[in-house]
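Listed below are the residues making up each chain.
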Amino acid sequence: MRMEPSPGTASPGPAPSTPAPPGAAANPGAAANPRPLNSRPADSRPSAPGPSDDLRPSGPTTSRPSASGSAVSGTAMPGRAAHGAEAPGTPGTAGAPGAAGTPGLAGIPGTAGPADPPSSPGRSSAAGSSPASSSPGGSSLTGSSPAGPAHRTPATAWARARTLAEALGRSAPLAAHRLPLNRALGHVLAEAVVALTDLPSFDTSAMDGWVVAGPGPWVVEQGEGLLAGRGAVEPLPDGEALRIATGARIPADATAVIRSEHAHFDEARGLLHATRDVVPGQDIRPRGQECRSGDELLPVGTVVTPPVQGLAAAAGYDALVVVPRPRVDIFVLGDELLTSGLPREGLIRDALGPMLGPWLHALGAEVSEPRRLGDDAEALHDALVTSHADLVLTTGGTAAGPVDHVHPVLERIGAELLVDGVAVRPGHPMLLARLPANGPCLVGLPGNPLAAVSGLLTLAEPLLRGLAGRSPQSPYSAPAHEEVHGHPHDTRLVPVVHRDDKVVPLHYNGPAMLRGIAAADGLAVVPPGGVRSGTEVEILDLPWASATPWTEGCFT
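Residues numbered from 1 in each chain as written. Predicted model: local features only at pLDDT ≥ 70, side-chain atom pairs only at ≥ 80, totals over all residues. Heavy atoms only, no water.

Chemist: Any chance you could break down the sheet that holds strand E11 (residues 256-259) for me, citing the residues and the numbers?
Modeler: Taken together, the six strands give an open sheet; going across it, the order is E11-E8-E10-E9-E13-E12, and neighbouring strands pair in mixed fashion. At either end of the open sheet lies a strand with only one pairing partner, and these are E11 and strand E12 (263-266). Ignoring which end each strand starts from, the neighbouring axes of this sheet average 35 degrees apart. Alignment of strand E9 (residues 218-220) against strand E13 (residues 271-274), held across two bridges, turns out to be antiparallel. By the bridge assignment, valine 219 is partnered in E13 with leucine 271. (Pairing = 2+ DSSP bridges. Helix = DSSP H or I, 4+ residues; strand = E, 2+ residues; numbered from the N terminus. Axes fitted to C-alpha atoms, helices over the stretch in contact; angles between N-to-C directions.)

Chemist: Mind laying out the nonpolar core, listing which residues take part and the relevant values?
Modeler: Formed by 49 residues in total, the largest nonpolar core has its most connected members in Leu356, Trp359, Leu360, Leu391, Leu393, Leu432 and Leu463. No other element matches the 10 residues that helix H6 (residues 449-468) contributes to this core. Not counting chain neighbours up to four residues away, the residues in contact with leucine 356 comprise Ile330, Leu393, Thr395, Leu445 and Leu456. (Core = buried A, V, L, I, M, F, W, Y, C linked by side-chain atoms within 4.5 Å. Buried < 20%, exposed > 50% of the residue type's maximum accessible area, 1.4 Å probe, protein only. Contact = heavy atoms within 4.5 Å.)

Chemist: So, the pairing of strand E16 (residues 319-323): which residues are in play, and what are the values?
Modeler: Where burial is concerned, most of E16 is hidden: five out of the five residues are buried. Both faces of E16 are covered, namely the face carrying Ala319, Val321 and Val323 and the face carrying Leu320 and Val322. Where strand E4 (residues 177-180) meets E16, four bridges bridge the pair, whose relative direction is antiparallel. By the bridge assignment for E16, proline 180 is matched with alanine 319. Summarising the sheet, strand E5 (residues 188-189) and E16 pair through two bridges and their orientation is antiparallel. Considered in E16, the bridge of leucine 189 is made with valine 322.

Put into structure tokens, the structure is as follows:
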């Protein structure tokens with residue numbers, strides 16, 4: 001687990017290189033040292049969103065070569081030269097994904113990248129720096145070394161980072177498949193559930209009692225009466241009554257059902273009397289009361305819950321067409337982590353490995369057993385290039401310390417970096433990337449536990465929602481019970497608990513602490529500057545505190 005960098009702390013690393021002049025092409029073979037597009041010192045990143053966080057599209061339309069070499073139109077970012085060199089004085093735009101490599105993301109304002117020339121993604125051995133390189137999607141991962149790179153781009157605004165993560169998921173939806181009804185729980189409907197018949201499919205009795213025709217008193221026909229599950233029955237003549245069970249078919253020409261407790265049977269005379277007024281149609285469920293054949297019962301995007309399974313069964317379904325649960329691999333980084341026993345001699349317990357799997361499962365994912373890779377760049381490289389998951393989560397290693405290998409390894413394999421840091425506390429060193437050759441998406445979580453939770457809810461949850469085709473929950477707010485302090489420039493995520501229609505902020509909410517979130521039922525999204533007592537604040541529900549999405553083990 002990495003300790004989250006403290007704001008304003010400089011990281012040891014190489015001095016910033018001289019930026020290329022406007023319009024100059026990045027040339028890996030040139031003697032000049034081009035300004036890296038995505039280099040990252042530990043804490044030289046400004047907290048406030050910069051020009052790259054402007055959501056308005058700007059700049060001319062350009063043509064970008066895709067992975068296959070075909071030209072795909074994109075939007076050039078302001079302040080960037082035609083071939084990827086940044087104009088002097090303009091903050092970098094590494095968080096902006098390239099349109100060519102990210103189908104479906106080009107429609108998000110401000111996400112199209114520059115037209116970077118393709119080059120080899122490998123790292124240079126000279127002085128710990130690397131030449132400019134492009135991923136198949138156009139975003140570059142360059143200039144990072146374990147000792148700390150020369151320049152860091154502004155963090156992506158929190159709301160925009162969530163939008164980008166969901167858009168990435170929806171740009172590569174999972175292929176739908178048909179599952180038996182009893183195995184579809186927790187999946188998302190890829191086809192609407194349409195009524196295959198009227199419900200109910202015939203007039204049925206809503207109560208145990210007597211079915212009567214015409215005005216009373218009624219002559220009672222002898223016999224066992226009408227039971228559920230029997231076929232068609234003879235019409236019921238006026239003035240007659242039959243015993244009937246709940247769910248039994250109503251005979252033609254019947255007027256009403258009288259509940260057993262609202263009737264008196266005079267056995268001596270064989271007559272039935274009602275003890276209350278009889279209203280035509282009472283306690284009869286008419287055919288088609290719930291739906292008619294062809295009605296849409298559940299739209300695409302609905303999470304299959306137990307009631308959904310019941311409704312689909314009632315409507316005649318044996319199987320449902322659903323989106324499979326996204327597959328997630330978890331790679332736990334850090335040589336300082338223990339898997340059992342007490343912390344000792346500079347070693348600490350791994351809190352994220354035990355926590356992330358169940359949390360992701362509650363979000364609707366299929367999760368493999370966490371793999372502990374330590375601080376081994378080669379092990380991380382091999383794990384990433386051999387993963388067959390839809391999403392990879394890494395824990396720790398996202399900053400620029402001497403053993404923080406996530407950025408260099410992503411650069412080495414030519415990954416497309418979409419978000420490199422988010423203006424949120426805790427958790428700002430999080431990142432979002434996509435591996436080349438239709439590889440998985442990757443969310444890099446900080447190593448501090450609460451910072452990792454922040455990354456999980458900021459990037460992983462909306463990305464999984466996009467992959468699974470699940471509709472977002474409607475945002476809601478609640479008044480703060482007391483003042484909640486904010487960061488001067490960044491969003492804060494603060495564990496809260498609901499009390500008497502208000503939310504109470506919890507203590508122990510530092511980046512390395514889990515005590516607060518363990519007692520919470522939500523996270524307050526605190527804007528820069530904080531909120532006053534009684535002010536409405538946006539709430540992110542935790543999956544076990546919400547009714548949806550429903551999966552096994554969701555409620556603990």
